[in-house]
Amino acid sequence: MRAKDIRAKAGEEPITMLTAYDAPTAEMIDDAGVDVILVGDSVGNTQLGYESTLPVTVDEMASHTAAVARATEEAFVLADMPFLSYGASLDTAVENCGRMLKEAKADGVKLESGPHTVELTDRLTELGIPVQAHLGLTPQQEKETGLFRQGTDAESAEEILDLALAHEEAGAFSLVLEHVPANLAGEVTDRLSIPTIGIGAGSACDGQVLVVDEVIGRSEDTAPFSQAWGDVRGEMERAIDGYLHDVESGEFPADEHSHHESDLDDVY
Ligand code: KIV
């Protein structure tokens, strides 16, 4: 899938996007037919044990993105650029984003966006690096804004709309809208020709994105705008308890799991 295929879906058919951080999960998501796999910087708090996304490094993102890309045949693989890997200098930002395509084999990058990413989006798209913008709640700004719903007053709603238009103009092929009121997401969607992909932004967006751990029921908590369609955490707990029980009680390994001298020829 290419950026232009995603762009062409605006207003046509719902775009599906899910995060993945490892090869086996990416393979399952790709086989299921999801359009976009986002290697989110949420890898920090969902997989790496950080309290937030802020400590995630470019090397960590490149490693997880490469694992996902190796397992993906059809979906568009997006690398999320981590905190301070862009924004300070244009050259360093271009280099870091370029690594995701050259080294990790991503198809594009996502930038948590603001006034500081308009010029960068323009430069990256000029160089052939597809960019997905991200407005509304941008967790990398959590020290500034907190992790709250954004665009709830007229001034901030207008700012989001203006930035959305500026990023479209700069060449972004799509836009994530996170945790904004549904009517604002609807207005942004109407005003843009590139697709909007919502998370906690209502149903008017052209597509939806969620964190895979929440969708499969592996995370301890689920955001109020998310849903678990499975109980992977419960399954893991049951399997680990079962293993513990069977080892402690001596039921595992049973005879069928063991090799005897007389079997050696079969085994080796
Ligand atoms: O890192 C992430 O998972 C994200 C999504 C929530 C959009 O940015």
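Residues numbered from 1 in each chain as written. Predicted model: local features only at pLDDT ≥ 70, side-chain atom pairs only at ≥ 80, totals over all residues. Heavy atoms only, no water.

Chemist: Explain the nonpolar core here, please?
Modeler: As a rule of thumb, nonpolar side chains are buried together in soluble globular proteins. Met17, Met100, Val109, Leu111 and Leu124 are the most contacted members of the largest nonpolar core, which has 48 residues in total. Looking at this core element by element, the count peaks at five residues for helix H4 (residues 58-71). Contact partners of Met100, with chain neighbours within four places excluded, come to Val58, Met61, Ala62, Thr65, Ala79, Met81, Lys105, Ala106 and Val109. Membership of the second largest hydrophobic core comes to 18 residues, among which are Leu175, Val180, Ala185 and Cys205. (Core = buried A, V, L, I, M, F, W, Y, C linked by side-chain atoms within 4.5 Å. Buried < 20%, exposed > 50% of the residue type's maximum accessible area, 1.4 Å probe, protein only. Helix = DSSP H or I, 4+ residues; strand = E, 2+ residues; numbered from the N terminus. Contact = heavy atoms within 4.5 Å.)

Chemist: Is there a simple way to explain the sheet that holds strand S5 (residues 131-136) in this structure?
Modeler: Consider a sheet: its strands pair through backbone hydrogen bonds, and that pairing is either parallel or antiparallel. Around the barrel, which closes on itself, the eight strands sit in the order S1-S2-S3-S4-S5-S6-S7-S8 with parallel pairing between neighbours. The sheet shows a mean angle of 25° between the axes of neighbouring strands, direction not considered. Of the pairings in the sheet, the one linking strand S7 (residues 196-199) to strand S8 (residues 207-210) comprises two bridges and is parallel in character. Looking across to S8, one finds that Ile197 is bridged to Gly207. (Pairing = 2+ DSSP bridges. Axes fitted to C-alpha atoms, helices over the stretch in contact; angles between N-to-C directions.)

Chemist: Any chance you could explain the site of the ligand here in plain terms?
Modeler: Surrounding the ligand, one finds Thr19, Leu38, Gly40, Asp41, Ser42, Asp80, Lys110, His134, Ile199 and Val211. Asp80 is positioned such that a nitrogen or oxygen atom in its side chain is 3.1 Å from an oxygen atom of the ligand. Lys110 places a side-chain nitrogen or oxygen 3.0 Å from an oxygen atom of the ligand. Considering the ligand on its own, with 260 Å² of exposed area, one finds that the protein chains cover 94% of that surface. Given that more than half its atoms are within 2 Å of the pocket grid, the ligand belongs to the largest pocket. A class-by-class count of the residues in the shell around the ligand yields three nonpolar, four polar and three charged. (Near = heavy atom within 4 Å. Polar contact = N/O pair within 3.5 Å; in protein donor to acceptor, adjacent residues only side chain to side chain. Areas by Shrake-Rupley, 256 points an atom, 1.4 Å probe, with all protein chains shown as cover. 1 Å grid on protein atoms, 1.4 Å probe; cavity = no way out; pocket = protein on both sides within 12 Å on 5 of 7 lines; lining within 4 Å. Sits in = over half its atoms within 2 Å of the grid points. Nonpolar A, V, L, I, M, F, W, Y, C, P; charged D, E, K, R; others polar.)

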